[in-house]
Amino acid sequence: MSVQEMFAVLGIGVTRDENEIRTAYRNLLVKTNPEDDPEGFKRLRGAYEEALAYARMPEQDDAVLEAEWMEEKGPAGEVLRQLADIYVSLPRRLDLEEWKALVKHPVFQSLDGSEAAKWGLFSYLADHYRVTCKVWQLLDEVFFIGENEQEFREHLPDGFIDFILYKVNDKTGNSDFAFELFEGEPEADYDGFVETYTALMNEADESPEGLAKAKQMLEKLESFDVFHPWCEVEKARYLLRTDEKEMAESVAREVLGKYGKDDKVLLTGAGILLSCGYPEEAEHIYDEYLEREKGKRSNYGNYTALLGLGKIHMKREDWEKARELLVDARDYQVTEELEKLLEETNQALTEKYLAKADSLTEEEAKNLCLCFSSLNRAEEGWEFFEKH
């Protein structure tokens with residue numbers, strides 16, 4: 001870690017006061033359980049140990065100290081220090097001009113230091129990879145990552161190269177985390193927040209243990225002393241999971257009112273309103289989203305809106321429309337939830353059509369045929385159509 005980064009993790013300014021470092025570490029340690037968040041604990045412990053080592057070093061010129069910390073001296077060390085300074089400050093990290101200035105550093109054109117600087121840069125980014133698609137695309141333009149893929153794979157992990165190429169090819173930026181919605185100090189631990197948020201998103205266990213773990217992660221997110229509206233949405237979802245619908249609705253409406261222009265807030269908020277018993281409001285949000293121009297919608301957004309509308313029409317027992325919407329959602333994403341809803345819809349449609357077997361329209365007969373096929377009841381279907 002750079003000096004700025006280690007102290008950002010500890011939540012304090014750069015200092016050589018060992019007592020202040022220990023106090024900051026102890027305060028964060030009570031909120032970081034190594035069993036629940038091993039990566040977060042490892043990151044905190046590493047920052048603590050490196051900060052103590054920094055405090056015990058003889059005082060010297062900061063530029064020289066930083067170069068030693070980055071394990072490089074000379075021009076390569078200089079560019080790596082600049083890289084760390086850009087990354088640890090969120091406003092600078094999000095500013096593409098900062099990255100353009102960085103890659104124009106003379107060391108990248110020199111015969112002696114260009115290779116060390118280039119691989120130093122990408123080695124750093126392998127551990128500090130949360131930058132925007134536009135940054136990855138800039139780096140591809142400068143270092144020809146796609147063209148020299150094999151060379152990059154010889155120096156760096158395959159998974160990291162796969163990630164870079166994915167971000168380079170994402171011209172819409174839809175895969176970026178919404179860092180621009182953060183509110184907090186420039187050098188707060190935003191990466192730690194995102195790691196915890198991602199872990200929370202992956203916590204789908206509805207057991208008491210799973211809900212307790214989700215609550216712990218929400219509390220940890222609050223400990224970072226930064227604000228992000230996606231965290232508020234997750235609070236509402238947690239309240240919904242614990243059957244506190246009135247509170248969930250209140251939180252959802254508040255965040256929708258302030259941050260409803262963000263697609264994730266908008267669509268997740270609509271889902272919460274639907275679960276709280278407001279299908280008409282949710283339907284309005286989903287319909288408005290799908291009426292946007294194609295370039296202003298994402299695969300995630302299309303799937304979420306179509307799935308939500310499918311659920312609404314299922315509740316109304318409008319099975320034909322529900323099936324149409326759910327099948328359309330399949331074009332954007334296939335999930336276990338979607339497949340279960342489709343199965344339920346196909347079952348309901350089959351029962352409906354069988355009850356009026358002698359008066360089916362041509363369109364209804366086609367739909368029934370599709371339902372039989374989807375439910376793996378083809379033989380029963382043949383028998384039905386032979387009889388009728």
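Keep in mind that what you see is a predicted model, and the values were worked out from it rather than measured.

Draft legend 1. Quick peek at the nonpolar core. Within the largest apolar cluster, 66 residues are counted, with the highest numbers of intra-cluster contacts made by Phe-182, Phe-193 and Tyr-286. Sequence-distant contacts of Tyr-286, defined by excluding residues within four places in its chain, comprise Leu-267, Ala-270, Gly-271, Thr-304, Ala-305, Gly-308, Leu-309 and Ile-312. Counting 32 residues, the second largest nonpolar core, distinct from the first, contains Trp-99, Val-103, Ile-164 and Val-168.

Draft legend 2. Up close: the environment of Gly-113. Relative to the assigned elements, Gly-113 resides in the loop between helix H7 (96-103) and helix H8 (114-127). With 99 residues separating them along the chain, Gly-113 and Val-14 place their C-alpha atoms 30 Å apart.

Draft legend 3. Inspection of the packing of aromatic side chains at higher detail. By the definition in use, this model includes 22 aromatic pairs. Summarising the aromatic geometry, the rings of Tyr-87 and Tyr-124 are spaced 6.0 Å apart at their centres and angled 80° between planes, so their arrangement reads as edge-to-face. Taken as a pair, Tyr-87 in helix H5 (residues 74-88) and Tyr-124 in helix H8 lie far apart in primary sequence, 37 residues in all. Looking at Tyr-87, the relative accessible area reads 2%, which means it is buried. Geometrically, the ring pair formed by Phe-177 and Tyr-197 is edge-to-face, given 5.7 Å between the ring centres and 75° between the ring planes. Taken together, the positions of Phe-177 in the loop between helix H11 (158-169) and helix H12 (190-201) and Tyr-197 in helix H12 put the pair 20 residues apart, joining distant regions of the chain. This pair shows no difference in class: Phe-177 is buried, exactly as Tyr-197 is. An aromatic cluster is present here, built from Phe-177, Phe-179, Phe-182, Tyr-190, Phe-193, Tyr-197, Phe-224 and Trp-230 joined pairwise through their rings. Positioned over the ring face of Tyr-87 is Arg-93, at 3.8 Å from the centre of the ring. Taking NZ or CZ as reference, Arg-253 lies 4.8 Å from the ring centre of Tyr-278, over its face.

Draft legend 4. Inspection of helix H19 (residues 319-329) at higher detail. Buried residues of H19: Trp-319, Ala-322, Arg-323, Leu-325, Leu-326 and Ala-329, and no others. Along H19, the residues classed as buried sweep out an arc of 165° about the axis, all on the same side. Contacts made by the buried residues of H19 are with helix H18 (299-315), helix H20 (336-354) and helix H21 (362-374).

Draft legend 5. Broad picture of the packing of helix H14 (residues 229-241) against helix H15 (residues 245-259). Orientation of H14 relative to H15, taken along the N-to-C sense of each, is 160°, at an axis distance of 8 Å. When the axis of H14 is compared with that of H15, the two are roughly antiparallel. Where H14 crosses over H15, the two elements pack in a sense that is left-handed. Along the contact surface, H14 presents Pro-229, Glu-232, Val-233, Ala-236, Leu-239 and Leu-240, while H15 presents Lys-245, Met-247, Ala-248, Val-251, Ala-252, Val-255 and Tyr-259. Among the residues forming the contact of H14 with H15, the class breakdown is 11 nonpolar, no polar and 2 charged.

Draft legend 6. Expanded view of the side chain of His-228. Considering the arrangement of structural elements, one finds His-228 in the loop between helix H13 (208-223) and H14. On the basis of relative accessible area, His-228 is assigned to the buried category, the value being 1%. There is a polar contact of 2.8 Å between the side chain of His-228 and the backbone oxygen of Ala-178. Beyond its immediate stretch of four places on either side in the chain, His-228 contacts Phe-177, Ala-178, Leu-181, Phe-182 and Phe-193.

Draft legend 7. A look at the pattern of salt bridges. Taken as a whole, this structure holds 30 salt bridges when the rule is applied. For Glu-151, the salt bridge identified is with Lys-118, shortest N-O distance 3.8 Å. Of the two residues, Glu-151 sits in helix H10 (residues 149-155) while Lys-118 sits in helix H8, which places them 33 residues apart along the sequence. We classify Glu-151 as partly exposed; its relative accessible area is 27%. Across the pair Asp-162 and Arg-153 runs a salt bridge, and its minimum N-O distance is 2.6 Å. For Asp-162, a relative accessible area of 42% corresponds to the partly exposed category. A residue is classified by how much of its surface remains accessible, and Arg-153, at 22% relative accessible area, is partly exposed. Residues joined by salt bridges that share partners form a network here, namely Glu-149, Arg-153, Asp-158 and Asp-162.

About the thresholds
- Residues numbered from 1 in each chain as written.
- Predicted model: local features only at pLDDT ≥ 70, side-chain atom pairs only at ≥ 80, totals over all residues.
- Heavy atoms only, no water.
- Core = buried A, V, L, I, M, F, W, Y, C linked by side-chain atoms within 4.5 Å.
- Buried < 20%, exposed > 50% of the residue type's maximum accessible area, 1.4 Å probe, protein only.
- Contact = heavy atoms within 4.5 Å.
- Helix = DSSP H or I, 4+ residues; strand = E, 2+ residues; numbered from the N terminus.
- Phe/Tyr/Trp six-rings, centres within 6.5 Å; stacked < 30°, edge-to-face > 60°.
- Lys NZ or Arg CZ within 6 Å of the ring centre and 35° of its normal.
- Arc of directions from axis to C-beta.
- Axes fitted to C-alpha atoms, helices over the stretch in contact; angles between N-to-C directions.
- Parallel < 35°, antiparallel > 145°, perpendicular 65-115°, else oblique.
- Left-handed = near helix turned anticlockwise from the far one by under 90°.
- Nonpolar A, V, L, I, M, F, W, Y, C, P; charged D, E, K, R; others polar.
- Polar contact = N/O pair within 3.5 Å; in protein donor to acceptor, adjacent residues only side chain to side chain.
- Salt bridge = Lys/Arg side-chain N within 4 Å of Asp/Glu carboxyl O.

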